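Here are the chains, one letter per residue:
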Amino acid sequence: MSEPTHSNLHGCWQVLKAELGGQSMPADAAAQVELEFAPTGYTVRFGGEATDEGIYTVNITRDCWEIVLTGKLGVNAGRTIPGILQLKGDRMRVCYALEGNTPPPSFSAPEGTLFYLASYRRKSGASSHAP
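Because the structure is a prediction, the values reported are computed rather than measured.

Trainee: Outline the overall build of the protein chain, listing residues and values.
Mentor: The secondary structure content of the protein chain amounts to one helix and nine strands. Helices (α) and strands (β) of the protein chain occur, in sequence order from the N terminus, as β-β-α-β-β-β-β-β-β-β. Against the compact-globule benchmark of 14 Å for 131 residues, the protein chain has a radius of gyration of 14 Å, which places it among compact chains. For the protein chain, the spread of C-alpha atoms along the three principal axes comes to 35 × 35 × 30 Å. Out of the 131 residues in the protein chain, the part that is buried amounts to 38%.

Quick look at the structure:
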């Protein structure tokens, strides 16, 4: 099996489930969210409309990857959001620290934190729209 690379992220990812600070996102809302990674940036869409766009960097380690999103347009414009990411085949999970400068210590979003934990499945046949 080959080592994961940055390009393994490229494509469109559908949220399967997500939670923020211990509160689960309703399933009907999660079904509306997709995240697309392209070589030049990322785009988050809700109901097909772009709500967040920017650039990202990834530091690949053995257990998980560290990711940093830098918002350029939309709800996170001007923000830097650190996180951790795990990729296995067509599944991905990401945990972001929505405040602060360091990524979450684990893949959890306990009550009282501003950690956002999401699980995704790669969408097949999706075209690239990211900046």
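Trainee: Give me the lowdown on the packing of aromatic side chains, citing residues and values where you can.
Mentor: A full pass over the atoms with the stated rule returns two aromatic pairs. Their ring planes at 65 degrees and their centres at 4.8 Å tell us that Phe37 and Tyr56 sit as a pair that is edge-to-face. Taken together, the positions of Phe37 in strand S3 (residues 33-38) and Tyr56 in strand S5 (residues 49-60) put the pair 19 residues apart, joining distant regions of the chain. A single burial state applies to Phe37 and to Tyr56, both of which are buried. Look at Tyr96 and Tyr116: their rings are 6.4 Å apart centre to centre, the planes differ by 15 degrees, and that puts the pair in the stacked class. Taken together, the residues Tyr96 in strand S8 (residues 91-97) and Tyr116 in strand S9 (residues 115-122) connect sequence positions 20 residues apart. Neither Tyr96 nor Tyr116 differs from the other in exposure class; each is buried.

Trainee: Outline the environment of Ala118, supporting the account with residue identities and numerical values.
Mentor: Mapping Ala118 onto the fold places it in strand S9. When near neighbours in sequence (up to four residues on either side) are disregarded, Ala118 contacts Lys17, Ala18, Met92, Arg93 and Val94.

Cut-offs used in this document
Residues numbered from 1 in each chain as written. Predicted model: local features only at pLDDT ≥ 70, side-chain atom pairs only at ≥ 80, totals over all residues. Heavy atoms only, no water. Helix = DSSP H or I, 4+ residues; strand = E, 2+ residues; numbered from the N terminus. Rg over C-alpha atoms; globule rule 2.2 N^0.38 Å. Buried < 20%, exposed > 50% of the residue type's maximum accessible area, 1.4 Å probe, protein only. Phe/Tyr/Trp six-rings, centres within 6.5 Å; stacked < 30°, edge-to-face > 60°. Contact = heavy atoms within 4.5 Å.

No statement about biological role is implied by the geometric values presented.
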